[in-house]
Every structure is written in C-alpha cells, then in structure tokens.
Amino acid sequence: MRTTRTAPARPVLIAALALTTAGSLLLTPHTAGAEPAPPVTRDEAPLDQRAAQAPASAAKRALADEQATGGAIRGYPREQILSPDPENPADKSIKLGLTPYHAIAPKLNAVQALGDRVSVEVAGRSAGGHRLYLVTVTAPETVRQARTQERMRELIENSPAQAAKSPEIKAGYKAPVFFNNNIHGNEWEGTDASLKLIEQLATATDARTRDLLAHSRLYFNITANPDGRIAGTRANANGFDMNRDFVTASQPEVRAMRQIEIDKQPAVMLDLHGYVNGTLIEPTTPPHGENYEYDLFLKNTYANALGMEAAVNGLGYTPAKDGVQPAQIPFRDQEEGWDDWPPIFTPQYAAFHGTVAAHTVEIPLQVNNAAYDNLPVEELRRRSAVNVDVAGAAIRATLDFVRAHRTALVNDQIEVFRRGATGAAQTPVSSETVPGVPGIGPEDVYTTTFPRAYVLPGGTKATATARLVDHLLANDVRVTRASHALRLGGKTYAKGSYVVDMHQPKRGLANVLLADGRDISDKVSVMYDISGWSLGRLWGATVVPVTTGTLKGLPLRSISEATAVGHVAPRGALRLRLDDPQAISAVNSLLQQGVPVRRTADGGSAIVPASARQKAAELARTYDVAFDATTLTGTQALHRTRVAAAVTSGELFALREMNFEVTPVSTAVANAGFDWSSADVLFVSTGLEYGDLTTSARTALDAFLDAGHGLVGRGVTGAELATATGLLAAKPVEGNGDANGVVRVVNSGPLTAGAPGHGFVYAPVWFTDLGPQVRVEQSYATGNPLVSGHWRPSADGSGGPLAAAGQPSVVSGPQSVLFGTEPLFRDHPKGEFPQVAGALFRMADVG
C-alpha cells in the first residue's frame, strides 16, 4: 500500500461521504486492521529488516542487461509450456489460501490448454531470478492481423494526426489494457483475482466477452514481484520498493514493466495493491503531475473509478458484517496526502506512455505485516477471499468501461501524442474542460511550459551524458545527435551534442526526466513521497533547456543509443577521473585485480600504470569511461576497499553498483559477533546504534576504529555514531522529516571538489557546533536552497529551508565523514555517488 494522511473530503461531498460511512463505528468480531491514515514515512528501513533475503549476487543480476524480448511479430495465441518451479512450502501465500508462486506456471499451462484466447510470455526475471509472466487474453489473430495491430499502434504514437483520421483504427484497433499485480510482494490478492478472471475469459461464450476480446487486448503481469510474494515482503530480493523506482529503473522487474508499457501502449491500466479500508481507487488528490495531459487523464480515470466503486460496493460487503468500508476516491473524498505528482509510481509513469485511465487500487482488508503474524489462519483466509473478490470486481468493472468506451479511450490516447508531437499547449482542468467530474478547483490546476528543446552539450561530462541519453532512449524518449556544430537558442553547441526535440509524442516524459521541476512547498501541507528528481541536476550531466529558436535545418540525426565515450590513451600512464559512479566501478575492478593504483593529491583522479593498459581497455568498454594519458604519478596508493555497511537497501545497491565489496552490518549483527577483520571502513546511515551494542560488540567496534579504520556516516544515525565513538565533533540538526527534493549546494572541500552544485535531501540534516578539526566540505546554498520538491518548516517553525541555508551539509574530520544529504538515495542521484566513494577511499586509508 501507499502510506498517506487523510484529509477532510472536498466540501461539496462531505454530506454524501458522511452518509456512506455512517456504519463505520459499528463493532464487528473481526474489524479489519485497515491502516487508513498512517503518517507519511520513509519507505526504506534498515536493510536486514526489509530485503527478501537477497544474496549479494542479486545486485549484479539486477544490474545486468536483460535479454531483449522483441523480435518478429507473431500472431495470437502465443502459447508455450512453462517448466514447473520447485514446490516451496515456505511460500507466504500458502497461509492465506492464495496461489504460491510455484503453482502459477502449472495454472498458466492449464489455462492455455482451455482454448485459443490465452497466451503466456516470460517478460523478464526478478532480481531473485524468478520468471515474470505476461499473459495476453484476446481473440485469436493471424500473423497478418497482429502485424496490422502493431502498425496501427505505431501510427497512434508516431503519426497521431493521421491516426486520428484513420477509419481502420476506429473500426479495428484493439484497445490495450494492462493489469499489474503484486508489485508489493506482501499485497498478494491481485494475482489471484487475475488468474481467476483469465480462466473465466478463456472459455466464456457470452456475447459481451466475445465483443470485448474482439476489440481489446488484455495484458496481465501476473506477479510483478515474485521475490516478495514468496518471502512476504513489500520489496524484491534487492530490498527495493519497486513502486518508487520508475524514474530510476534500477530493478529488472521495473525495466520489464517499462518495456510492457512501451511495447503494448495501454490506454487503461490498474495497479492492484492493498490495504486501505474502504477500497481506495484513484484518481488522486493534488498536486497533480504538471507534465500530464491531465484533462484527458482525469476525465477517463474518474469515470472508470466511479464504475469500479459501484462494482466494489455492489458486492454487498458491509462494515458490520464483514469489516469492509465503502470504497473511496481520493480526488473526490480527500483534500491532500495521496497525490500523483512524482512519476515513480506505476500508474503515474504509465500516463506518460499514453495511458489515459490509470489507477492504484488499494483493496480493503489487511493480511500482511502484523496481521499476517497475529491473526488466526481462518480469519486471514476470510480476508484474502474478500480481497480477491474486491480486486476481481475492480478488474471486471474496468473491462466493462473499456468495452463501452473503447473508441473514446483510443482517441484520447491519440490526442495525448498529438499534443506532444505538435507542441500544443496543455488544457487546464476545469468544469468546462472536464465535464462530469465534480469538485474541480484551482487547487487541481497544474501545467507547465515546455521548452522547445533540451541540449546535452558534447564534450562535457561524457560518461554521465551518455548514461542519461541511453536512459532517455530506454524510456522511449527520442534523442538526436549533432553531426556538426550547431547554433540553437542563441548559443553554439559542439559536434556530438545531443538534442531532445520537445515536439515529440512523449514530451511529458522527456520533460519529467530533464526539467528542474518545481518547488511546490506552498501548494499542499504534505506530500505522499518524493517531490523532486531532476536527472539533469542529479545524474551529473549538463542539461540546457532551449526556449526559443527552430530545429529546422539543423544537422541532427536520430539515434538509438548514445555514442560510446570509453577510450584508453595509446601509451604512457593513464588517468581516470573519479567524477562518475562508472569510473568508481572501473577503479574498484582494477584494485580487485591487484593493479597498483594511486590517487592524485586532490583525490579527484586515479593514476593507472601503463602495464595495466589491457585491463583498462576492457573496463573502458564495460563502463564507458575514459583513461587519458598523463605524466602524473599520483600520491597515496588506493587499496581494495571492503565496506561494512549499516545502510538502506538503496544505498547497499548503489555501493555494489560501484563495485565496492560490501558486507551488511547492524546492531543485531554486531551483537552476534561481527568479524571486523573483513572490513576496511564502516558506512552507517541506519540500523546501527552505539548505545544498543553489547559490551563486547562495543569493544570490538572501538578496536576496529582504534586500529585506524574510518567512519562514513549519513544522517542523524551516522552522526550520533561519530559522536559516541569520539571520531568527530558535530551536532546533527534535523530538518522537517517530511521534506525532500533537489537542493542547491556549495562545494568547499577536497572531498566535493568537482561535484555537482546540487544534491538530494529526504528529511534533510545539517551540522552545527563543529569541533576544531572538522572541515566543511559542502554547505546548503544561501537563500532558499530548494530547487524542486517540498520543504516547509515544521509545525513549530523550525527545520525549514531557510534554517538550513548556508549550514554545513557535508563535514569531515581525520577519521570520519558525515553527510546530511542523501547522495545514494534509492540508487538514484548518480552524480552524487562519487562523493561517497571518495569518502570511503579516504576513510579506508586513515591508518
């Protein structure tokens, strides 16, 4: 589920809502633990409490490129016999009376055998190695018919003006519909509802089903998170909440879902979650993502929500009899706290690929977490059965909606792409532009002004630029490259510069990835999750918005991948600038291979001997980094760095992405007798409290630090450990815990030399009362440091951005470095990673 704060219903609907919830005070024998209004909280806890028992190799699997699933167009059905998985009696689904993962393949084999409507494909594999099953249900298609459908799909995206006039599309295009299940592994029941419906659709002979399947393709991602389904965890085997990962796409499951969105181009989608009682059905409260064509999105999403609400309430469950509250629609029933601002959630991301009705659906009765452990099996199974029923009602109502409105839905998807391709202005929502949706007010109006283009200049930050370009392309954003120097918007850009023409079908997604974003602190009192994420500011690449000028006649060529920048100088010693996480990965690989590497006096580069040229060449290709010629010899030797890490899952993943050798540690692990000889440096952000250590564990940690090993800390937990161990005198000051976003920073120390002038914060921290040996490496900028996101003072007036302005955000001492920012947050702010790497290298060598 999402975690949110509820707010009063919009005034026009208070009376109606009161009538529908009047029964909520009646006591029942098994009142559902609904979690209706928990506070907004950080979604990552210490690693050892959240991961689905991932081995270290899971990170490498997740970072590897998946096999392409494309190829020649085939007709439907596309049947295949799936090999069975070993039976796993520990699968957490079993206790609930639901389908364990190992039973899914046999079920899908059986349903394919029922007729010619059901096809099963493997869309990818999870971080833990489990297959991701994509099921398509549609009327049979010959290869020629399937090719015609694909041609129409491409016409809709690539030539929307022509598609809008096409009688062939109007008469014959099958509306794509996508049902995504179980992205949170311990929110199980969407999977079972989908399996049940697929079996019904496979053999139903009624006219409505035949009509639906003749005019639609239904796609079911059976379980988006098999790792978590099996383990009973929200996260996958890498410890990631994948419903926060769509901007970054660090996880293989997310990349598989992204590809489904691109390839299938659904007009409608549901993302089935739990547990909010009564059933919560989006659209959301403000703020609304400013890059959407929100008028089209709201019209269709609200209309489908009403149908789902009627279907769910029509099941006949009541608060008194079943513990089930009436369904709710946040747009109508809440003021704030459940927004669609960030594109990190599945439905919100889908909107940028042309989905004009997209919903999170939170089924009602809690069966996970404490309920799973404490309730009787009989009650858990009763609740799960209700949840399957509710999820099924939402899916069936959506199918009815698609069947009734197929033409309008497809037309609205075409219009999304037409506006993007032509550079048309957005249409602000109002009662006139979105008739039939009550309660629209100025608080719902969010639009933006798209630039004419973005330029990623050639010759600067080449590795970071290439990474960002490839990420844009992977998201189906169109990018061109200059074959000669060009002039645009009054500036000249070098040959090889990349240009993103914002007159393209998916301009909203291009803008959401490249723009700075907006400070929305004054719009609402609290945000559901992150509010700023600018890839240009956080990924280490230069991104220039161009507001004027024309692209006509410029020497630009469309590309399918970024030009490789990796190279090795032909002779002499080599210099690798340590300003990018891929460069850190390369130098760590060299160190692990025993290559003698030295760093320059400023710590910003690694010097590699000429004898390692062949190894450097391999790494230049692997990581797309440049080893330049140098006459420098370097100063201090770099050594293989083994990190003991008490960190979040995202931080662990980022450390391993940079090829650090990492062993997770925590208070419990240390108290059990951690072998500190396996580590060179300690990194702590969460889960290791000095005061909670046993005497022997404290003695062992002190001995490790006394031997000359250093500490890298993040946030209050890291700073408190530095104080408790006497390593660094600095007082951490906590800002508003709900604050997050992109901030301006001033780099002033050797550790941050050459670092970007922006950072990311989530519950920001700064440092005061610095001891005499403490150096300020970085500070929050003066004025208001927030560029984009949400950061207000706390209720007592403290903790706001003005209080942080000018205050130290990164400090260091002889044996410790402390971060008040979030340089590894969810594996996202790539341009910040080298700051942490530099700190680890430095602190590993303090002895």
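All of these numbers come straight from a predicted model, not from anything done at the bench.

What exactly am I supposed to notice about unusual backbone geometry here?
Trans peptide bonds make up most of the peptide bonds, and negative phi angles are found at most residues other than glycine. Cis geometry marks the peptide bond from Gly-274 to Tyr-275; its omega dihedral reads 5°. Within the fold, Tyr-275 resides in the loop between strand S5 (268-274) and strand S6 (280-281). Cis peptide bonds are those with omega within 30 degrees of zero, and the linkage from Asn-277 to Gly-278 qualifies with 5°. Mapping Gly-278 onto the fold places it in the loop between S5 and S6. Non-glycine residue Ala-249 carries a positive phi angle of around 55°. Its location among the elements puts Ala-249 in the loop between helix H10 (226-231) and helix H11 (252-264). Not every positive phi belongs to a glycine, and Asp-476 is a case in point at roughly 70°. Assignment of secondary structure puts Asp-476 in the loop between helix H18 (462-474) and strand S11 (480-482).

Can you help me understand the packing of aromatic side chains in this one?
Two measures describe an aromatic ring pair: the distance that separates the ring centres and the angle between the ring planes. Tallied over the entire structure, the rule returns 19 aromatic pairs. Residues Phe-674 and Trp-676 carry aromatic rings whose centres are separated by 4.8 Å and whose planes lie at 80° to one another, so their mutual orientation is edge-to-face. Between Tyr-780 and Trp-791, the ring centres sit 6.2 Å apart and the planes meet at 70°, which makes this aromatic pair edge-to-face. One end of the pair, Tyr-780, is in strand S31 (residues 775-780); the other, Trp-791, is in the loop between strand S32 (786-790) and helix H27 (801-804), and 11 residues separate them in sequence. Taken individually, Tyr-780 and Trp-791 each receive the classification buried, so the pair is uniform in this respect. Feature note: the residues Tyr-292, Tyr-294, Phe-297 and Phe-352 constitute an aromatic cluster, connected by ring pairs.

Help me understand the environment of Val-512 in this model?
With respect to the element layout, Val-512 can be found in helix H19 (residues 507-514). By relative accessible area, Val-512 is classed as buried at 4%. Sequence spacing of Val-512 and Glu-293 is 219 residues, and the spatial spacing of their C-alpha atoms is 13 Å. Dropping the residues within four chain positions of it, Val-512 is found in contact with Asn-291, Pro-343, Phe-352 and Trp-533.

For this particular structure, what's the right way to read the packing of helix H12 (residues 294-313) against helix H17 (residues 377-422)?
The geometry of a pair of packed helices is captured by two quantities: the angle between their axes and the separation between those axes. Between H12 and H17, whose axes approach to 8 Å, the crossing angle comes to 170°. Judged by the inter-axis angle, H12 sits roughly antiparallel to H17. Taken together, the residues of H17 that come into contact with H12 (itself represented by Asp-295, Leu-296, Lys-299, Asn-300, Ala-303, Asn-304, Gly-307, Met-308, Ala-311 and Val-312) are Val-390, Ala-393, Ala-394, Ala-397, Thr-398, Phe-401, Leu-409, Asp-412, Glu-415, Val-416 and Arg-419. Among the residues forming the contact of H12 with H17, the class breakdown is 12 nonpolar, four polar and five charged.

What's the story with helix H4 (residues 104-112) in this structure? I'm lost.
Structurally, the α-helix is built with 3.6 residues per turn, so residues lying three or four positions apart point the same way. Within H4, the full set of buried residues consists of Ile-104, Ala-105, Leu-108, Asn-109, Val-111 and Gln-112. For H4, the elements touching its buried residues are strand S1 (118-125), strand S2 (131-137), helix H8 (189-203) and H10.

I would appreciate a short explanation of the sheet that holds S2 in the present structure.
Across a sheet, paired strands are connected by hydrogen bonds in the backbone, their directions being either parallel or antiparallel. The strand order S1-S2-S4-S3-S5-S9-S6 describes an open sheet built from seven strands, whose pairing is mixed. Edge strands, defined here as strands with exactly one partner in the open sheet, are S1 and S6. Pairing analysis gives two bridges linking S6 to strand S9 (residues 357-363), with the strands arranged antiparallel. Counted as the bridge partner of Ile-281 is Val-361 from S9. Packed on one face of the sheet, H12 meets S5, S6 and S9 and runs near 35° to S9.

What should I look at first to understand the sheet that holds strand S15 (residues 544-546) in this one?
In space, the five strands of this open sheet follow the order S15-S10-S14-S11-S16, with antiparallel pairing throughout. Two strands in the sheet have a free side with no partner beyond their single neighbour: S15 and strand S16 (556-558). Direction aside, neighbouring strands of the sheet carry axes that sit 30° apart on average. In the sheet, strand S10 (residues 453-456) pairs with S15 via three bridges, with the strands oriented antiparallel. Along S15, the bridge assignment pairs Tyr-454 with Pro-545.

Just checking my understanding: could you explain helix H26 (residues 715-724) for this structure?
With seven of 10 residues buried, H26 is to be regarded as a mostly interior element. The set of residues buried in H26 consists of Gly-715, Val-716, Thr-717, Gly-718, Ala-719, Leu-721 and Ala-722. For H26, the secondary structure elements touched by its buried residues are strand S25 (681-684), helix H25 (695-706), strand S26 (710-714), strand S27 (731-734), strand S30 (765-768) and strand S34 (816-819). Note on H26: the residue one or two positions beyond its end, Gly-726, has a positive phi of about 75°.

Got a minute to help me understand the side chain of Asp-624 in this structure?
Position of Asp-624 relative to the elements: it lies in the loop between helix H22 (613-623) and strand S21 (626-629). One buried charged side chain, Asp-624, makes no salt bridge at all; its nearest oppositely charged neighbour is Arg-467, positioned 8.4 Å away. Engagement of the side chain of Asp-624 in a polar contact is seen with the backbone nitrogen of Gly-566, the distance being 2.8 Å. Once residues lying within four places of it in the same chain are set aside, the contact partners of Asp-624 are Thr-463, Ala-466, Thr-563, Ala-564, Val-565, Gly-566, Gln-582 and Leu-619.

I keep staring at the pairing of strand S28 (residues 740-747) and nothing clicks. Help me out?
In regular strands, side chains alternate between the two faces of the sheet. Across five bridges, the pairing between S28 and strand S29 (residues 758-762) is antiparallel. Residue pairing for S29: Val-742 is matched across the bridge by Phe-760. Alignment of S28 against S32, held across four bridges, turns out to be antiparallel. The partner of Asn-740 across the bridge, within S32, is His-790. In this sheet, S31 lies alongside S28 in antiparallel orientation, the contact comprising three bridges. Residue pairing for S31: Asn-747 is matched across the bridge by Gln-778.

Cut-offs and rules
- In this numbering scheme, every chain counts its residues from 1 along its sequence in written order.
- In keeping with the predicted nature of the model, local features appear solely for residues at pLDDT of at least 70, side-chain atom pairs appear and are counted solely at 80 or more, and the whole-chain, interface and lining totals rest on all residues.
- Only hydrogens and water are removed before side-chain values are computed, so all heavy atoms of the structure are retained for them.
- A helix here means a DSSP run of H or I that spans at least four residues, while a strand means a run of E at least two residues long, and both kinds are numbered starting from the N terminus.
- Working definition: a ring pair exists when centres of Phe, Tyr or Trp rings (six-membered ring for Trp) sit within 6.5 Å. Plane angles under 30 degrees give stacked, over 60 give edge-to-face, the rest tilted.
- Burial here depends on accessible area, computed with a 1.4 Å probe over protein chains only, as a share of the maximum for the residue type. Under 20% is buried, over 50% is exposed, and the range in between is partly exposed.
- Contacts between residues were defined by any pair of non-hydrogen atoms, one from each residue, lying within 4.5 Å.
- Interaxial angle, 0 to 180 degrees, is taken between N-to-C directions of lines fitted to C-alpha atoms, where a helix line uses only the stretch in contact.
- Note that the term roughly parallel is reserved for angles under 35 degrees, roughly antiparallel for angles over 145, roughly perpendicular for angles of 65 to 115, and oblique for everything else.
- Only Asp, Glu, Lys and Arg are considered charged in this grouping, and only Ala, Val, Leu, Ile, Met, Phe, Trp, Tyr, Cys and Pro are considered nonpolar; every other residue, Gly among them, is considered polar.
- The pairing criterion is simple: DSSP has to find at least two bridges between the two strands.
- None of His or the chain ends enter the tally, which takes Lys and Arg as positive and Asp and Glu as negative.
- Should a side-chain nitrogen of Lys or Arg be within 4 Å of a carboxyl oxygen of Asp or Glu, the pair is scored as a salt bridge.
- We define a polar contact as two N or O atoms separated by no more than 3.5 Å, with the added condition that, inside protein, one atom must be a possible hydrogen donor and the other a possible acceptor, whereas residues neighbouring each other in sequence contribute only through side-chain atom pairs.

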